[in-house]
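# Examination of the molecular architecture
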Amino acid sequence: DTAVSQTPKYLVTQMGNDKSIKCEQNLGHDTMYWYKQDSKKFLKIMFSYNNKELIINETVPNRFSPKSPDKAHLNLHINSLELGDSAVYFCASSQESLAVTFGSGTRLTVV
Amino acid sequence: AQSVTQPDIHITVSEGASLELRCNYSYGATPYLFWYVQSPGQGLQLLLKYFSGDTLVQGIKGFEAEFKRSQSSFNLRKPSVHWSDAAEYFCAVVGLDQGGKLIFGQGTELSVKP
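Overview of the structure. In every chain, residue numbers begin from 1 and rise along the written sequence. Throughout, the order in which chains and ligands are written sets their labels, letters from A for the former and numbers from 1 for the latter. For a predicted model such as this one, the threshold for reporting local features is a pLDDT of at least 70, and the threshold for listing and counting side-chain atom pairs is 80 or more; totals across whole chains, interfaces and linings nevertheless cover every residue. Only heavy atoms go into the side-chain values, all of them from the structure, while hydrogens and water stay out.

### A few points about the overall build of chain A
To keep things clear, this is the line we draw: Elements are defined by DSSP. Helices are runs of H or I of four residues or more, strands are runs of E of two residues or more, and each kind is numbered from the N terminus. For a compact globule the rule gives 2.2 Å times the number of residues to the power 0.38, and the radius of gyration it is set against comes from C-alpha atoms. It only takes one pair of heavy atoms within 4.5 Å for two residues to be counted as in contact. Each accessible area value is a Shrake-Rupley result obtained with a 1.4 Å probe; residue values ignore everything except the protein chains displayed when judging cover.
Looking only at helices and strands, chain A features zero helices and 11 strands. For chain A, the sequential pattern of α-helices and β-strands runs β-β-β-β-β-β-β-β-β-β-β. Rg of the C-alpha trace for chain A: 13 Å, near the compact-globule value of 13 Å for 111 residues, within the 12% margin. Counting only contacts in chain A whose residues sit at least 6 apart along the sequence, the fraction spanning at least 24 positions is 53%. Total accessible area computed for chain A in this model is approximately 5500 Å², and 50% of it derives from carbon and sulfur atoms.

Right, here's the structure in full:
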């Protein structure tokens, strides 16, 4: 299936741990994103990469570090997790920044 | 700064009734506008998009939206709602001068009464 796939779907971890979320798209898109959806369902962009180059870096703590090994993959690594990091994280992709396709999300719970 | 406002946080309609979800945007140039739907526990699915041309756009699942520049609106409509339409709906504008990031409204939760 052509899609944006991210793993894991659910992630429960303790404060202070380091975790990663992986994302892959097989749509041939040139731009990939990470969005965060908070408990009130508000969606906000965190990062975007175009052909492995960082384009957008919103005011996100340095504990969050995206890595794009190639234009089909964009992983998100989070260091020293805090309670406030609990949210749903969506990977997404688009071609020429139009019609963004989203993955199914990773629900991160920090306890 | 660009922004999107969805004035209705929660709407309840009866199955078979018509639906209109409101969206107002603030954007300096010609906007590229989108409606996404999120079912519980799911990702976001694109319903429809407006880039240019005909101001009435058709989408999937029987939805349509009308772009009105004079009112800075992009309202979503459906003539007859089905129970499976119950979900969260997001209006968004893309900031082409900001790396293509989507700017979302707060979302409208749609409940459907039998």
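Okay, back to it.
### A short note on the packing of aromatic side chains
What counts is decided by this rule: Working definition: rings of Phe, Tyr and Trp (its six-membered ring) pair if their centres are within 6.5 Å, and the pair is stacked with planes under 30 degrees apart, edge-to-face with planes over 60 apart, and tilted otherwise.
All chains considered together, the criterion is met by 16 aromatic pairs over all chains. Each residue in the set Tyr33(A), Tyr35(A), Phe90(A), Phe102(A), Tyr32(B), Phe34(B), Tyr36(B), Phe51(B), Phe90(B) and Phe104(B) is aromatic and connected to the rest through ring pairs, giving one cluster.

### Details of the sheet that holds strand 8 (residues 73–78) of chain A
Residue and element names in this part refer to chain A. The criterion, for reference: Between any two strands, pairing holds if DSSP finds at least two bridges. What counts as an axis is a line fitted to C-alpha atoms, over the stretch in contact for a helix, and the angles between N-to-C directions run from 0 to 180 degrees.
The antiparallel open sheet is built from four strands, whose spatial order is 1-3-8-7. With one partner strand each, in any of the chains shown, strand 1 (4–7) and strand 7 (64–70) form the two edges of the open sheet. Across the sheet, the mean angle separating the axes of adjacent strands is 20 degrees when strand polarity is ignored. Of the pairings in the sheet, the one linking strand 1 to strand 3 (residues 19–25) comprises four bridges and is antiparallel in character. When the bridges of strand 3 are listed, Ser5 appears paired with Glu24.

### Structural notes on the pattern of salt bridges
Heads up, the condition is: Just to be clear on terms, a salt bridge is a Lys or Arg side-chain nitrogen sitting within 4 Å of an Asp or Glu carboxyl oxygen. Per-residue accessibility, obtained with a 1.4 Å probe over protein chains only, is compared with the maximum for each type, and a residue is labelled buried under 20%, exposed over 50%, and partly exposed between these values.
Enumeration according to the criterion identifies nine salt bridges over all chains in this entry. Between Arg63(A) and Glu82(A) there is a salt bridge, and its shortest N-O distance comes to 3.5 Å. Note that Arg63(A) is positioned in the loop between strand 6 (53–57) and strand 7 and Glu82(A) in the loop between strand 8 and strand 9 (87–95), a separation of 19 residues in sequence. A relative accessible area of 16% means that Arg63(A) is categorised as buried. Salt-bridge contacts for Arg22(B) lead to Asp8(B); the nearest nitrogen and oxygen are separated by 2.9 Å. In this pair, Arg22(B) is assigned in the loop between strand 3 (19–21) and strand 4 (24–26) and Asp8(B) in the loop between strand 1 (3–5) and strand 2 (10–14), connecting sequence segments 14 residues apart. Classification of Asp8(B) as buried rests on a relative accessible area of 18%. Beyond isolated ion pairs, a larger network of salt bridges with shared partners links Lys44(A), Glu58(A) and Lys101(B).

### Some details on the interface of chain B and chain A
Put simply, the rule is: Defined in terms of a 1.4 Å probe, buried area is the accessible area two parts forfeit on being brought together, summed over both. Polar contact criterion, stated in full: a pair of N or O atoms within 3.5 Å, where within protein one must be able to donate a hydrogen and the other to accept it, and residues adjacent in sequence count only if both atoms are side-chain atoms. In the scheme used here, Gly and all other residues not listed as nonpolar or charged are polar, with Ala, Val, Leu, Ile, Met, Phe, Trp, Tyr, Cys and Pro taken as nonpolar and Asp, Glu, Lys and Arg as charged.
Across the boundary between the two partners, chain B contributes 23 residues, which contact 20 residues of chain A. Roughly 1600 Å² is buried in total at the junction of chain B and chain A, and carbon and sulfur atoms are behind 62% of that figure. Among the residues of chain B in contact with chain A, Leu44(B), Lys101(B) and Phe104(B) are the three that bury the most area, contributing 30% of the side total. At the boundary of chain B and chain A, one finds two salt bridges. Here Lys41(A) makes a salt bridge to Glu88(B), at a shortest N to O gap of 3.4 Å. The tally of links from chain B across to chain A stands at five residue pairs in polar contact (both at pLDDT 80 or more). No other element matches strand 5 (residues 32–38) of chain B, which puts four residues into the side of chain B that touches chain A. Partitioned by chemical class, the residues of the side of chain B that touches chain A number 11 nonpolar, nine polar and three charged.

### Quick notes on the state of the cysteines
Put simply, the rule is: Disulfides are defined in this document as cysteine sulfur pairs within 2.5 Å.
All told, the structure shown has two disulfides over all chains when counted by the stated rule. Covalently, Cys23(A) is tied to Cys91(A) through a disulfide, its sulfur atoms 1.8 Å apart. Taking the torsion about the sulfur-sulfur bond, which here is approximately -80 degrees, the covalent link between Cys23(A) and Cys91(A) counts as left-handed. Linking Cys23(A) in strand 3 with Cys91(A) in strand 9, this pair joins segments that are 68 residues apart in sequence. Cys23(A) gets classed as buried once you look at its relative accessible area, which sits at 2%. Since its relative accessible area comes to 0%, Cys91(A) is described here as buried. One disulfide bridge connects Cys23(B) with Cys91(B), the sulfur atoms lying 2.0 Å from each other. Measuring the twist about the S-S bond at about -65 degrees, one finds the Cys23(B)-Cys91(B) disulfide to be left-handed. Within this pair, whereas Cys23(B) is found in the loop between strand 3 and strand 4, its partner Cys91(B) is found in strand 10 (residues 87–95), the two being separated by 68 residues in sequence.

So, to be careful, I would describe these as geometric facts and stop short of saying anything about function.
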